[in-house]
Amino acid sequence: MMSLSRRHVLMGSAALAAAALLPSGCGQPPGHLKDLAKRKGILFGGAIGPEELADTAAHELVSRECGVITPRNALKWRTLRWDRSDWNFTEGDAIARYAAANNQKMRGHVLVWNPVENMPDWASDIPSGSAGRSQAIQLMETHIEQVCAHYGDRITSWDVVNEAFEPYSGDLAPGFFMDRIGPDYIEHAFRKAREAAPHAQLVYNDYMRWSDKYPNHHKGVLKLLENLRKKEVPIDALGIQGHIGKYYGTENDRHWRQFLDEVTAMGYDLLITEFDVRDFAPTADISARDANVAALTKGFLDITLSYPELKQFICWGLSDRWSWFRQSEPREDGQLQRTAPYDVDLKPKPMYAAIAAALITAPTREPSTT
Ligand code: 9MR
């Protein structure tokens, strides 16, 4: 079995120090994350879905900690457009009502997500290749118009296009829109989004690795952002998903800073849109695993939150109870992944303390207007 890297052990002790912010037993947190963030001009929040909506214990947690929420799956094509002739806004509307009742902002995720498996099956009736170009543009533009019209100013920030690249080559990936429209599907999507949601922040959202494992992916995203600027395509920010940990290669602070320097030099704002940490430390010892997750959290946030252009920070779920990793990436030893700031019993973990510590040391910035 692999041992924990020296860096993680060292970083683990830093995070354990941060965990000292929590009283023993991780009882009462040092302050709600949304308030700690707000003091620095950062809007903090979490993704939610039917799991949280149906879980009364979640309501108190999400309303206490989050200044903004993102629907995890409610606004994806396969939820909204499963039926060819009917729209299903039920879950999205429930989340919008929840946000309004709790005085929270709402992000929109996602208007255009190119892989064929993210589209409803009926859409494949549109022929592939240039024969389907005008129909695909029309389908995409109508979708953007209708979804944005439905939510209006209730959604203040939109992931307009998500994950457009092949990670290894850094080329735009094939998929539903790419195969029918070509590379300019991205440009079409942003122009239509600005028309349809004139007051919302428009975001290109992608994994973005804190490592040099996928240098071409970083290069591809930089090239896209540069080209969109040159062509005056309306886009405001880069969304860094931030699913950090295993599969992402060894963390490389210098490479990560260089990338963020280049993005911000072009005038883009930054968001962390889907933060969580893969809990794959090769040990069954929960405190060692939690320390590892907290160390990765602190290491990533210390760099990323140091950019004053970073104005929103969202976790992809606040608790291990609803983590997508439970099903999609189970641990080899069968133990539950501990990837979120709160555990399954909704008790704060060292990761929570690491987030709080990073927010406390982050520089103050002008808050986002969206
Ligand atoms: O967490 C989401 C999971 O419930 C869905 O089944 C999946 C496919 O729609 O999407 C997951 O969320 C993804 C997000 O939309 C985009 N970035 C990666 C996220 C994790 O896969």
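Above this text sits the structure in question.
Quick look at the structure, then. Worth saying up front: this structure is predicted, and the values here are computed from it rather than measured.

Re the overall build of the chain
The helix and strand tally for the chain stands at 14 helices and 9 strands. Taken along the three principal axes of its C-alpha coordinates, the chain extends 60 × 45 × 40 Å. Counting every position in the chain, which comprises 370 residues, the buried fraction comes to 58%. Intrachain contacts of the chain at a sequence separation of at least 6 include 81% that bridge at least 24 residues. Per element, the accessible surface of the chain, about 15,000 Å² overall, is 52% carbon and sulfur. Distance from the positive charge centre (42 side chains) to the negative charge centre (48 side chains) of the chain: 3 Å.

Side note on the pattern of salt bridges
Summed over all chains, the structure comprises 22 salt bridges. In this structure, Arg191 engages Glu187 in a salt bridge whose closest nitrogen and oxygen atoms are separated by 3.5 Å. With Arg191 and Glu187 both in helix α9 (residues 185-196) and 4 residues apart, the pair spans about one turn of that helix. Measuring nitrogen to oxygen at the nearest pair gives 3.4 Å for the salt bridge that ties Asp279 to Arg331. One end of the pair, Asp279, is in the loop between β8 (269-277) and α12 (286-304); the other, Arg331, is in the loop between α13 (325-328) and α14 (350-361), and 52 residues separate them in sequence. Considered together, Asp279 and Arg331 belong to a single accessibility category, that of buried residues. Look at the salt bridges and you will find they share partners, linking Asp279, Arg289, Arg331 and Asp333 into a network.

Some points on the site of the ligand
In the vicinity of the ligand, 13 residues are found, and the nearest of them are Asn73, Lys76, His109, Glu163 and Glu274. Here a nitrogen atom of the ligand and a side-chain polar atom of Glu274 are 2.7 Å apart. Out of a free accessible area of 450 Å², the ligand has 74% covered by protein chains. Placement of the ligand is best described as lying within the second largest pocket. Counted by class, the shell around the ligand contains 4 nonpolar, 5 polar and 4 charged residues.

Describing the layout of surface pockets
Quantified by volume, the second largest pocket comes out at close to 380 Å³. Residue assignment for the lining of the second largest pocket shows that the elements contributing at least two residues are α3 (50-53), β3 (105-113) and α13. If one sorts the elements of the lining of the second largest pocket by residue count, α13 sits on top with 3 residues. Residue composition of the lining of the second largest pocket, by class: 6 nonpolar, 8 polar and 8 charged.

Calculation criteria
Residues numbered from 1 in each chain as written. Predicted model: local features only at pLDDT ≥ 70, side-chain atom pairs only at ≥ 80, totals over all residues. Heavy atoms only, no water. Helix = DSSP H or I, 4+ residues; strand = E, 2+ residues; numbered from the N terminus. Buried < 20%, exposed > 50% of the residue type's maximum accessible area, 1.4 Å probe, protein only. Contact = heavy atoms within 4.5 Å. Areas by Shrake-Rupley, 256 points an atom, 1.4 Å probe, with all protein chains shown as cover. Lys, Arg positive; Asp, Glu negative; His and termini not counted. Charge placed at Lys NZ, Arg CZ, Asp CG, Glu CD. Salt bridge = Lys/Arg side-chain N within 4 Å of Asp/Glu carboxyl O. Near = heavy atom within 4 Å. Polar contact = N/O pair within 3.5 Å; in protein donor to acceptor, adjacent residues only side chain to side chain. 1 Å grid on protein atoms, 1.4 Å probe; cavity = no way out; pocket = protein on both sides within 12 Å on 5 of 7 lines; lining within 4 Å. Sits in = over half its atoms within 2 Å of the grid points. Nonpolar A, V, L, I, M, F, W, Y, C, P; charged D, E, K, R; others polar. Points joined across faces, edges and corners; volume = space filled by probe spheres on them.

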